[in-house]
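Here are the chains, one letter per residue:
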Amino acid sequence: MILTILSVLLIISGIFFFFTATVGLLRFPDFYCRMQATGKGDTLGALLCLSGIAVYNLSDGFTLSSVLVSIKIMLIAFFIFIANPTATHAITRAGLNAGVKPLMKEDLQK
Amino acid sequence: MINRFENIIIQTISRLLIPPIQLYALYVIAHGHYSPGGGFQGGCILGASFILMVIAYDIKETKRMISEKINTIFIVLGVIIYSGIGAVCLILGADYLDYGILNKIFSVSPAKARALGTFGVEIGVGITVMAVMVSIFLNLVSGGEHEEAQE
């Protein structure tokens, strides 16, 4: 019961971070701001959601197979935790090489 | 000369991640008849690891790992494994790719021989899919030149 409540809390907080990342992607003014919002929000949201799923998988009891499945889910989370910021960095750097201008203070005052 | 498209973060993370990706591809190939996966999926993941190497490093660096000659040999080798297992079944007196007859060679039960034959065919499919994916990507990204990526 405690594990189920914990997993629900983790998944809800993960969905909150996904939501803020999507709002940032849609509403921020600039390419770099958008990449920052999605890179951070998506990573934390996916990490929290997958942790919640791993905890929920253990709520029926700690058997060997369920622990193994939870370890595999946490390996996916670890992979996303490494790969997603790197992909964001690569996209941002490609944008900088392609000549995308960052938003400056003067652009806002117009 | 420093290439402005090279980057130490991307290269380090790729160097960290490529071996687990290849290990996971072998897991998908070898575990294909118990869980989702199989030869095509595992071969695609194995090819994607080489494609990641092309993106993070260079075509020259990747061709040092898997050269064009060895890649072409892999394409043929997978098809030979696939059709060879089928032909062995044909020679032993059953239909093409009817693996149950393989128990005459391996001295196991027909069901076990069937699982082994499926596994061998999956290995052949995985090798061919990996090599063809790498070959298609190299030809597309360099315009058939195989020297360096076109911008």
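Residues numbered from 1 in each chain as written. Chains lettered and ligands numbered in written order. Predicted model: local features only at pLDDT ≥ 70, side-chain atom pairs only at ≥ 80, totals over all residues.

Visitor: Help me understand the overall build of chain B in this model?
Guide: For chain B, the helix and strand inventory stands at 6 helices and 0 strands. Sequence-ordered secondary structure for chain B, helices as α and strands as β, is α-α-α-α-α-α. Scaling as 2.2 N^0.38, a compact globule of 151 residues should have a C-alpha radius of gyration of about 15 Å, whereas chain B reaches 19 Å, well beyond that. On the principal axes, the C-alpha backbone points of chain B span a range of 65 × 30 × 20 Å. Here chain B holds 151 residues, and the buried ones make up 25% of them. (Helix = DSSP H or I, 4+ residues; strand = E, 2+ residues; numbered from the N terminus. Rg over C-alpha atoms; globule rule 2.2 N^0.38 Å. Buried ≥ 20, exposed ≤ 12 C-beta atoms within 10 Å, placed from the backbone.)

Visitor: Can you help me understand the overall build of chain A in this one?
Guide: In terms of regular secondary structure, chain A is built from 4 helices and 0 strands. If you list the helices and strands of chain A from N to C, you get α-α-α-α. In terms of C-alpha radius of gyration, chain A reaches 18 Å, well past the compact-globule figure of 13 Å for 110 residues. With the principal axes as the frame, chain A shows a C-alpha extent of 60 × 25 × 15 Å. Within chain A, buried positions represent 16% of all 110 residues.

Visitor: Teacher, can you tell me more about the environment of Tyr27(B) here?
Guide: All names here are of chain B. Position of Tyr 27 among the secondary structure elements: in helix H1 (residues 8–30). Classification of Tyr 27 as partly exposed rests on a count of 14 C-beta atoms within 10 Å. It is 9.1 Å that separates the C-alpha atoms of Tyr 27 and Gly 37, two residues lying 10 residues apart in sequence.

Visitor: Got a minute to help me understand unusual backbone geometry in this structure?
Guide: Backbone phi values are negative for most residues with the exception of glycine, while trans is the configuration of most peptide bonds. The phi dihedral of Leu97(B) is positive, around 60 degrees, even though this residue is not glycine. Summarising the element assignment, Leu97(B) is placed in the loop between helix H4 (68–91) and helix H5 (103–106).

Visitor: Please clarify how the packing of H4(B) against helix H6 (residues 110–142) of chain B should be interpreted in this entry.
Guide: Residue and element names in this part refer to chain B. Contact pair H4 / H6: the axes reach a minimum separation of 8 Å and the direction vectors enclose 155 degrees. In terms of axis orientation, H4 runs roughly antiparallel to H6. In this structure, H4 meets H6 at a crossing whose hand is left-handed. Of H6, the residues touching H4 (which contributes Asn 71, Phe 74, Ile 75, Leu 77, Gly 78, Val 79, Ile 81, Tyr 82 and Ile 85) are Gly 117, Gly 120, Val 121, Ile 123, Gly 124, Val 125, Ile 127, Thr 128, Ala 131, Val 132, Val 134 and Ser 135. Taken together, the residues that form the contact of H4 with H6 break down as 14 nonpolar, 7 polar and no charged. (Axes fitted to C-alpha atoms, helices over the stretch in contact; angles between N-to-C directions. Parallel < 35°, antiparallel > 145°, perpendicular 65-115°, else oblique. Left-handed = near helix turned anticlockwise from the far one by under 90°. Contact = placed C-beta atoms within 7 Å. Nonpolar A, V, L, I, M, F, W, Y, C, P; charged D, E, K, R; others polar.)

Visitor: In this structure, what is going on with the confidence of the model for chain A? I would like to understand it.
Guide: Detailed reading of the predicted model is not advised wherever pLDDT is low. Per-residue confidence for chain A gives a mean pLDDT of 91, with 99% of residues at or over 70. When pLDDT is averaged over each element of chain A, helix H1 (residues 2–27) of chain A comes out on top at 94 and helix H4 (residues 105–109) of chain A at the bottom at 78. (pLDDT = per-residue confidence, 0-100.)

Visitor: It is not clear to me how H1(A) should be interpreted in this structure. Could you clarify?
Guide: In an α-helix, one turn spans 3.6 residues, which is why side chains three or four residues apart end up on the same side. All names here are of chain A. Over its 26 residues, H1 extends 37 Å from the first C-alpha to the last, a length consistent with the 38 Å expected when each residue adds 1.5 Å. For H1, the full list of buried residues reads Ser 7, Leu 10, Gly 14 and Ala 21. Elements in contact with the buried residues of H1: helix H2 (31–57). (Expected span 1.5 Å × (residues − 1).)

Visitor: Before we go on, may I ask you to explain the interface of chain A and chain B in this structure?
Guide: Interface size is often expressed as the accessible area that is lost when the parts come together. Across the boundary between the two partners, chain A contributes 7 residues, which contact 7 residues of chain B. A class-by-class count of the residues in the side of chain A that touches chain B yields 3 nonpolar, 3 polar and 1 charged.

Visitor: Help me out: how do you make sense of the nonpolar core in this one?
Guide: Most often, soluble globular proteins have nonpolar side chains that are buried together. In terms of nonpolar packing, the biggest core is built from 23 residues, with Ala25(B), Met130(B) and Val134(B) touching the most fellow members. Listed by contribution, the elements that provide at least two residues to this core are H1, helix H2 (39–56), H4 and H6 of chain B. Counting residues per element, this core draws most heavily on H6(B), at 10 residues. Residues Leu10(A), Leu47(A), Leu50(A) and Ala54(A) belong to the second largest nonpolar core, which totals 7 residues. (Core = buried A, V, L, I, M, F, W, Y, C linked by C-beta atoms within 7 Å.)

Visitor: I'm lost on H6(B) in this one. Help?
Guide: Its 33 residues give H6(B) an end-to-end C-alpha distance of 48 Å, which sits within 8% of 48 Å, the value for a rise of 1.5 Å per residue. Taken from the residues just after H6(B), Gly143(B) is the one with a positive phi, measuring 65 degrees.

Visitor: Looking at this structure, I do not really get the packing of H1(B) against H2(B). What am I missing?
Guide: Two quantities define a packed helix pair, namely the angle between the axes and the distance from one axis to the other. Residue and element names in this part refer to chain B. Taken N-terminus to C-terminus, the directions of H1 and H2 make an angle of 170 degrees; their axes are 8 Å apart at the nearest point. With respect to H2, the element H1 is oriented roughly antiparallel. As H1 runs across H2, the sense of the crossing is left-handed. Along its contact with H1, which presents Ile 10, Gln 11, Ser 14, Ile 18, Ile 21, Gln 22, Tyr 24, Ala 25, Leu 26, Val 28 and Ile 29, the element H2 presents Gly 39, Gln 41, Gly 42, Ile 45, Leu 46, Ser 49, Leu 52, Met 53 and Ala 56. Along the lines of polarity and charge, the residues of the contact of H1 with H2 split into 13 nonpolar, 7 polar and no charged.

Visitor: Hey, could you run me through the environment of Ile13(B) in this one?
Guide: Within the fold, Ile13(B) resides in helix H1. When the C-alpha positions of Ile13(B) and Ala48(B) are compared, they lie 15 Å apart, and in sequence the two are 35 residues distant.

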